[in-house]
Amino acid sequence: MNPTQDKASILLIYTGGTIGMKENAPGEPLRPFDFDHILSEVPELGKFALKIDSYTFDPLIDSSDVEPGLWTALARLIEQSRDKYDGFVVLHGTDTMAYSASALSFMLEGLDKPVIFTGSQLPISTLRTDGKENLVSAVEIASAKDALGRPRVPEVAVFFGSTLLRGNRCTKVDSESFTAFKSPNCPPLAEAGINIIYNDAIIRRPAPGQPFQIRTKLDTSVSVLKIHPGITADLARYFLCGSRTRASIIETYGSGNAISQPWFIDIIKEADSMGKVLLNVTQCLSGSVNMDLYATGKALKDAGVISGYDCTTESALTKLFVLLGQYQDNQQVKCALDENLRGEITK
Ligand code: ASP
């Protein structure tokens with residue numbers, strides 16, 4: 001808790017998305033409501049013994065319009081207000097929430113306070129909204145302390161549909177259900193039922209003495225190639241060997257397999273000889289890349305592709321943005337990609 005006040009304090013950051021929309025009159029289009037009046041929209045928040053401030057981005061956006069600039073602004077805002085608040089709740093559209101949560105997890109280094117993303121499938125003002133429960137639980141989690149008085153979840157996480165997921169492990173799996181997010185390769189950090197049960201054993205904490213710092217230099221020169229039957233050499237070369245990319249994510253089949261034909265392997269070798277980072281991520285929702293299992297995977301490995309293990313594409317992309325921004329040398333990027341930086345891979 002901030003020593004200058006007796007109540008724990010939370011900063012509620014509103015970026016846009018369905019959760020904050022309101023129908024001012026029947027039949028009118030949904031518009032964002034004024035978050036300075038959040039307590040009148042969600043009076044339940046007043047029952048917490050918490051000081052809740054809000055910060056509203058301008059303009060508010062549908063999260064399909066999210067650009068890395070929003071992540072930089074979020075990282076700076078959290079850095080600037082870190083001493084003042086015990087935790088942060090970020091209200092965000094669901095469509096790209098997994099990207100934003102992944103990005104922030106890599107941009108906030110040595111994080112010692114909760115940054116909990118949430119949103120909803122139905123606007124908070126509608127009768128059957130999932131937004132109120134998501135928001136109230138996210139606030140409770142962001143302010144929760146352990147027996148030693150430390151923040152219970154000093155991670156970037158996503159709370160949605162009664163489950164708290166590591167931000168860089170989650171993915172949107174359902175466009176309609178209230179349980180829209182899953183993290184198939186990582187157990188939930190907490191589950192909200194009658195009580196909120198925390199999975200303390202897997203919640204990450206910064207190393208003792210590790211300073212907090214933000215990484216806001218992002219290099220977005222990354223392409224994502226999804227392997228599919230019928231893919232052509234022209235298309236593969238365009239994605240993997242283009243002069244404007246430093247790295248490519250190759251979304252492969254199963255345990256990291258792709259076309260084994262010489263034309264494709266030659267393109268991989270060409271990209272590798274150009275010094276590109278080539279990262280193998282599986283198209284499967286769960287499970288890991290293992291390029292030693294099949295000859296097709298082995299051919300990729302031998303041609304210079306490195307393993308993304310069991311990370312999501314959202315996590316791989318944003319990790320690359322941060323590492324490419326951090327290192328000029330792609331060899332250093334490859335070494336850092338192989339490290340489990342924020343719990344994003346299982347090794
Ligand atoms: N398109 C909306 C957005 O991502 C959907 C939502 O908020 O859930 O901003």
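Above this text you will find the structure in question.
Just so it is clear, the model here is predicted, and its values are computed rather than measured.

Description of the overall build of the protein chain
Along the protein chain, the regular secondary structure elements total nine helices and 18 strands. The C-alpha radius of gyration computed for the protein chain amounts to 21 Å, which stays within 12% of the reference 20 Å derived for 347 residues, consistent with globular compactness. Structurally, the protein chain occupies a C-alpha span of about 65 × 55 × 35 Å along its principal axes. If you take every contact in the protein chain between residues at least 6 apart in sequence, the share linking residues at least 24 apart comes to 74%. When the accessible surface of the protein chain is totalled, it reaches about 15,400 Å², and 51% of it is carbon and sulfur. If you average the places of the 34 positive and of the 41 negative side-chain charges in the protein chain, the two averages end up 4 Å apart.

Re the packing of aromatic side chains
For the structure on display, the rule yields six aromatic pairs. Plain terms: the ring middles of Tyr238 and Phe239 are 5.8 Å apart, the flat faces sit at 80° to each other, and that makes the pair edge-to-face. The exposure class of Phe239 is partly exposed, given its relative accessible area of 26%.

Focus on the site of the ligand
Neighbouring residues of the ligand: Gly17, Thr18, Asp62, Ser63, Gly93, Thr94, Asp95 and Ser120. In this structure, Asp62 approaches the ligand through a side-chain N or O atom, which is 2.9 Å from a nitrogen atom. The side chain of Ser63 places a nitrogen or oxygen atom 2.5 Å from an oxygen atom of the ligand. Coverage of the ligand by the protein amounts to 89% of the 260 Å² it exposes when considered alone. Split by residue class, the shell around the ligand holds no nonpolar, six polar and two charged.

Focus on the environment of Leu77
By the secondary structure assignment, Leu77 is in helix H2 (residues 68–81). A relative accessible area of 12% means that Leu77 is categorised as buried. Along the primary structure Leu77 and Gln261 are separated by 184 residues, whereas in three dimensions their C-alpha atoms are 49 Å apart. If we ignore the near neighbours within four places in the chain, the residues touching Leu77 are Leu11, Ile13, Tyr55 and Phe57.

What about unusual backbone geometry?
Negative phi is the rule for most residues except glycine; trans is the rule for most peptide bonds. Asp58 connects to Pro59 through a cis peptide bond whose omega is 5°. Topologically, Pro59 is positioned in the loop between strand E4 (50–56) and H2. Here Ser162, not a glycine, exhibits a phi torsion of approximately 75°, which is positive. Inspection of the secondary structure puts Ser162 in the loop between strand E8 (156–160) and strand E9 (163–166). Judged by relative accessible area, which is 25%, Ser162 ranks as partly exposed. Positioned with a positive phi, Tyr309 is a non-glycine residue whose angle comes to about 55°. Mapped onto the secondary structure, Tyr309 falls in the loop between strand E18 (306–307) and helix H8 (313–326).

Digging into the side chain of Arg166
Following the sequence through the fold, Arg166 ends up in strand E9. Overall, Arg166 belongs to the buried group, its relative accessible area being 6%. Leave out the neighbours within four places in its chain, and Arg166 touches Glu155, Val156, Ala157, Cys186, Leu189, Ile202, Ile203, Arg204, Arg342 and Gly343.

Brief notes about helix H5 (residues 233–241)
Turning to H5, its buried residues number three or more, namely Ala236, Leu240 and Cys241. Each buried residue of H5 lies within a common arc of 90° when the element is viewed along its axis, so the set occupies one face. H5 presents Asp234 and Tyr238 as exposed residues on the side facing more than 90 degrees away from its buried surface. Buried residues belonging to H5 abut strand E15 (222–226), strand E16 (247–252), helix H6 (262–273) and strand E17 (277–282).

Considering the sheet that holds E4
Remark on secondary structure: sheet strands pair via backbone hydrogen bonds, oriented parallel or antiparallel. Here eight strands make up an open sheet; going across it, the order is E4-E1-E5-E7-E8-E9-E12-E13 and the pairing mixed. Here the strands that pair on one side only, and so sit at the sheet edges, are E4 and strand E13 (196–198). With direction set aside, neighbouring strand axes in the sheet form an average angle of 25°. Looking at chain direction, E8 and E9 are connected through four bridges and run antiparallel. Residue pairing across strands places Phe159 opposite Leu164, the latter belonging to E9. Along the sheet, helix H3 (residues 97–107) makes contact with strand E7 (115–118) and E8, crossing E8 at roughly 155°. Along the sheet, helix H4 (residues 131–143) contacts strand E1 (8–14), E4, strand E5 (87–91), E7, E8, E9 and E13; its crossing angle with E5, the most-contacted strand, is approximately 155°.

How each quantity is defined
- Residues numbered from 1 in each chain as written.
- Predicted model: local features only at pLDDT ≥ 70, side-chain atom pairs only at ≥ 80, totals over all residues.
- Heavy atoms only, no water.
- Helix = DSSP H or I, 4+ residues; strand = E, 2+ residues; numbered from the N terminus.
- Rg over C-alpha atoms; globule rule 2.2 N^0.38 Å.
- Contact = heavy atoms within 4.5 Å.
- Areas by Shrake-Rupley, 256 points an atom, 1.4 Å probe, with all protein chains shown as cover.
- Lys, Arg positive; Asp, Glu negative; His and termini not counted.
- Charge placed at Lys NZ, Arg CZ, Asp CG, Glu CD.
- Phe/Tyr/Trp six-rings, centres within 6.5 Å; stacked < 30°, edge-to-face > 60°.
- Buried < 20%, exposed > 50% of the residue type's maximum accessible area, 1.4 Å probe, protein only.
- Near = heavy atom within 4 Å.
- Polar contact = N/O pair within 3.5 Å; in protein donor to acceptor, adjacent residues only side chain to side chain.
- Nonpolar A, V, L, I, M, F, W, Y, C, P; charged D, E, K, R; others polar.
- Arc of directions from axis to C-beta.
- Pairing = 2+ DSSP bridges.
- Axes fitted to C-alpha atoms, helices over the stretch in contact; angles between N-to-C directions.

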